[in-house]
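Working through the structure, step by step
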Amino acid sequence: MTAAPWPAPFAATPLDATVTIPASKSLTNRYLVLAALAGGASRLRAPLQSRDSDLMIGALRALGAGIDEVPGAGSVPDLAVTPIPAGHTVDAAVDCGLAGTVMRFVPPVAALLSGTVAFDGDPAARVRPMAPVLAALEGLGVRVEGAPDGFMPFTVHGTGTVRGGHVAVDAGGSSQFVSAILLAAARFEGGIHLEHNGTSVPSVDHIAMTVEVLRSLGVAVDDSTPNHWIVAPGPIAAFDVLLEQDLSNAGPFLAAALATRGTVRIPDWPLNTTQVGDKWRQILPQLGATVTLEDGVLTVTGGPQILGAELSDTSELAPSVAALCALATTPSRLRGIAHLRGHETDRLAALVAEINALGGDAVETEDGLIINPAPLHGGLFHSYEDHRMATAGAIIGLAVPGVAVENIATTAKTMPAFPQMWSDMVAQTAAGGTRGRG
Ligand SMILES: O=C(O)C1=C[C@@H](OP(=O)(O)O)[C@@H](O)[C@H](O)C1
Ligand SMILES: C=C(OP(=O)(O)O)C(=O)O
């Protein structure tokens with residue numbers, strides 16, 4: 001049965017809220033992969049609990065890793081991980097759901113084992129690009145079967161070792177193609193010299209995250225030459241980490257400050273982070289907000305109006321940014337996000353369709369969006385199985401009465417508590433505040 005659309009809370013007064021965000025998807029799923037390949041038992045403290053992390057846990061268990069929930073310091077259990085045993089043989093099927101990190105990061109791990117691992121996922125996942133990862137594995141001597149036109153489903157036939165060496169890929173479609181190979185590369189016999197041979201790689205912050213996490217676990221990575229990454233063969237150290245909050249998922253909550261001319265605070269904002277979401281501190285002032293980071297608390301206060309902006313390579317932040325641009329009083333242009341067409345859905349087409357269905361003026365360009373000011377009205381905002389489309393609808397709904405979001409439950413991909421967290425935030429309104437635009 002299809003659930004009824006979710007009536008997005010409208011904030012009649014400016015918000016004055018403090019919010020804590022669950023752990024980073026990108027960090028949780030990287031650490032899970034590395035724990036499965038590490039030299040001993042590892043622990044993830046306060047990891048993300050979500051569909052994407054569950055899918056990663058399921059995939060790595062199927063490949064032989066031991067992953068157990070153990071009591072943690074807070075409400076979220078820690079994960080105790082024992083690595084895949086040496087010489088492990090496998091005959092497994094992996095459900096990738098719609099998780100890019102699972103469908104891209106796990107095949108190189110499967111290639112290191114003896115046996116076969118079949119990969120498939122949601123119908124929408126079967127159109128997400130995979131070919132460069134599979135071509136890289138084949139270039140390293142791994143047999144991959146299936147992959148019609150370079151998409152899921154496919155089967156990796158591992159022989160127990162991957163020889164490694166030099167391989168070139170076009171990572172123009174996703175930074176995850178690079179991260180996928182780098183994460184497993186220390187376990188390849190010869191390590192890797194990975195070369196990107198296309199025009200430009202998107203979401204480069206996520207590659208920097210991969211490199212930094214690898215280095216923190218004792219893996220030697222040389223990224224000094226643009227578009228080349230060299231990983232030396234060697235052990236991956238076991239670890240014990242406390243996961244950072246997901247700063248990309250902080251985005252909709254911070255955007256709420258702008259959408260309501262209110263204030264939203266996020267405590268425990270990491271001071272040194274590789275997460276792309278730290279860019280909110282640069283992006284939101286361009287949209288008219290005041291942003292401060294003091295004593296670890298990020299405070300965002302919306303300006304009298306949302307300003308349009310020219311922004312490039314906003315990566316996975318783009319849907320939240322686009323929602324704010326749809327509420328802005330001057331034009332915006334988002335560039336360098338052509339690869340969003342291969343995300344959970346074609347996000348450029350989806351954003352244009354949904355913003356315009358509410359009376360907006362959004363246009364797709366070759367590599368992004370142009371969003372012009374227009375008065376918005378209520379209506380149904382479709383989510384396309386995409387958590388970030390659903391949260392974009394919620395942002396607009398704060399400022400526009402009568403917006404309903406179809407399938408809000410899709411936020412479970414990375415933030416299952418989103419609907420409750422959102423209502424709780426809206427309940428924390430500024431005492432006696434009034435809003436009214438214009
Ligand atoms: O490596 C990662 O954890 C991610 C990389 C990015 O992928 P793309 O390079 O495909 O944008 C990002 O959008 C995605 O949400 C997570
Ligand atoms: C692109 C995203 O996800 P994935 O990890 O599935 O690629 C995202 O979360 O915005």
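What you are looking at is a predicted structure, and each value in this text was computed from that prediction instead of being measured.

The rules behind the values
Residues numbered from 1 in each chain as written. Chains lettered and ligands numbered in written order. Predicted model: local features only at pLDDT ≥ 70, side-chain atom pairs only at ≥ 80, totals over all residues. Helix = DSSP H or I, 4+ residues; strand = E, 2+ residues; numbered from the N terminus. Rg over C-alpha atoms; globule rule 2.2 N^0.38 Å. Buried ≥ 20, exposed ≤ 12 C-beta atoms within 10 Å, placed from the backbone. Pairing = 2+ DSSP bridges. Axes fitted to C-alpha atoms, helices over the stretch in contact; angles between N-to-C directions. Near = placed C-beta within 6 Å. Nonpolar A, V, L, I, M, F, W, Y, C, P; charged D, E, K, R; others polar. Domains from an automatic or database assignment. Contact = placed C-beta atoms within 7 Å. Parallel < 35°, antiparallel > 145°, perpendicular 65-115°, else oblique. Left-handed = near helix turned anticlockwise from the far one by under 90°. pLDDT = per-residue confidence, 0-100. UniProt positions renumbered as here; feature names shortened; annotations may be inferred. Expected span 1.5 Å × (residues − 1).

1. Thoughts on the overall build of the protein
When its secondary structure is counted, the protein shows 12 helices and 23 strands. In terms of overall dimensions, the protein is globule-like: its C-alpha atoms have a radius of gyration of 22 Å, near the 22 Å expected for 438 residues. Across its three principal axes, the protein shows a C-alpha extent of roughly 65 × 50 × 45 Å. Here the protein, with 438 residues, has 54% of them falling under the buried criterion.

2. Considerations on the sheet that holds strand β7 (residues 114-120)
The strand order across the open sheet built from four strands is β6-β7-β9-β8, with neighbouring strands paired in mixed fashion. Looking at which strands have only one partner, the edges of the open sheet turn out to be β6 (89-95) and β8 (143-146). For this sheet, the mean angle separating the axes of adjacent strands, direction not counted, is 15 degrees. Examined bridge by bridge, β8 and strand β9 (residues 154-159) share four bridges and lie antiparallel to one another. Counted as the bridge partner of E145 is T155 from β9.

3. A closer look at the site of ligand 2
Every residue near ligand 2 is listed here: A99, G100, T101, E316, H343, E344, R388 and T414. A breakdown of the residues in the shell around ligand 2 according to their chemical character gives one nonpolar, four polar and three charged.

4. Examining the site of ligand 1
Of all residues adjacent to ligand 1, which total 13 residues, the nearest are S26, S174, S175, S203 and E316. Mapped onto the shell around ligand 1, the elements with two or more residues apiece are α3 (100-111) and α5 (176-185). Of the residues assigned to the shell around ligand 1, the class counts are one nonpolar, 11 polar and one charged. Looking at the shell around ligand 1, you find at least three residues from each of domain 1 (6-22 + 244-427) and domain 2 (25-230).

5. Examining the sheet that holds strand β17 (residues 297-301)
Judged by pairing direction, the sheet is mixed, and its four strands sit side by side in the order β2-β15-β17-β16 without closing on themselves. Bordering the open sheet on either side are β2 (16-18) and β16 (290-294), each of which pairs with just one other strand. Taken pair by pair, the neighbouring strands of this sheet meet at an average axis angle of 15 degrees, ignoring direction. Its contacts with the sheet place helix α7 (residues 250-260) against β15 (263-266) and β17, and it is angled at close to 150 degrees to β15.

6. A short note on the packing of α7 against helix α11 (residues 387-399)
Close contact between α7 and α11 brings their axes to 9 Å; oriented N to C, the two are set at 20 degrees. Viewed along their axes, α7 and α11 adopt a mutual orientation that is roughly parallel. Handedness of the crossing formed by α7 with α11: right-handed. Touching P252, A255, A256, A259 and T260 of α7 are T391, A394, I395, L398 and A399, all from α11. Tallied by class, residues from the contact of α7 with α11 come to eight nonpolar, two polar and no charged.

7. With respect to the confidence of the model for the protein
In this model, the protein carries a mean pLDDT of 96, and residues with pLDDT of at least 70 account for 98%. Taken together, the chains of this predicted complex give a pTM of 0.97 and an interface ipTM of 0.99.

8. Considering the UniProt feature "binding site: 3-phosphoshikimate" (unreviewed entry) in the protein
Cross-referencing UniProt, the feature "binding site: 3-phosphoshikimate" (unreviewed entry) maps to K25, S26, R30, S174, S175, Q176, S203, E316 and H343 in the present numbering. Summarising the element assignment, K25 is placed in helix α1 (residues 25-37). When the 28 C-beta atoms within 10 Å are taken as the criterion, K25 is described as buried. Aside from chain neighbours lying at most four places away, what touches K25 is L48, S50, D52, S53, D246 and T414. Tracing the chain through its elements places S174 in the loop between β10 (165-169) and α5. If we skip the residues at most four places from it in the chain, S174 touches G100, P129, P202, H339 and G342.

9. With respect to the UniProt feature "domain: Enolpyruvate transferase" (unreviewed entry) in the protein
With numbering matched to this structure, UniProt assigns "domain: Enolpyruvate transferase" (unreviewed entry) to residues 13-420. For residues 13-420, the end-to-end C-alpha separation is 19 Å, with 30% helix and 24% strand making up the annotated structure.

10. Brief notes about the environment of A86
Looking at the secondary structure, you find A86 in the loop between β5 (78-82) and β6. Exposure remark for A86: the 6 C-beta atoms within 10 Å place this residue in the exposed category. For the pair A86 and V213, spaced 127 residues apart in sequence, the C-alpha separation works out to 23 Å.

11. Examining α3
In a regular helix each residue adds 1.5 Å, so 12 residues correspond to 16 Å; α3 covers 18 Å between its end C-alpha atoms and thus fits that length. Regarding α3, the residues found buried are G100, T101, V102, M103, R104, F105, V106, P107, P108, V109, A110 and A111.

12. Some words on the domain arrangement of the protein
Each domain of the protein was delimited in the assignment, giving domain 1 (6-22 + 244-427) and domain 2 (25-230). The gap between the C-alpha centroids of domain 1 and domain 2 is 29 Å. Taken together, the contact between domain 1 and domain 2 spans 19 residues of the former and 21 residues of the latter. Per-class residue counts for the side of domain 1 that touches domain 2 are five nonpolar, eight polar and six charged.

13. Examining the pairing of β16
A regular strand carries its side chains on alternate faces of the sheet. Direction of pairing for β16 relative to β17: antiparallel, over a ladder of five bridges. Its bridge partner lying in β17, E294 is registered against V297. Two successive antiparallel strands, β16 and β17, enclose a turn made up of two residues, where D295 displays a positive phi of approximately 50 degrees.

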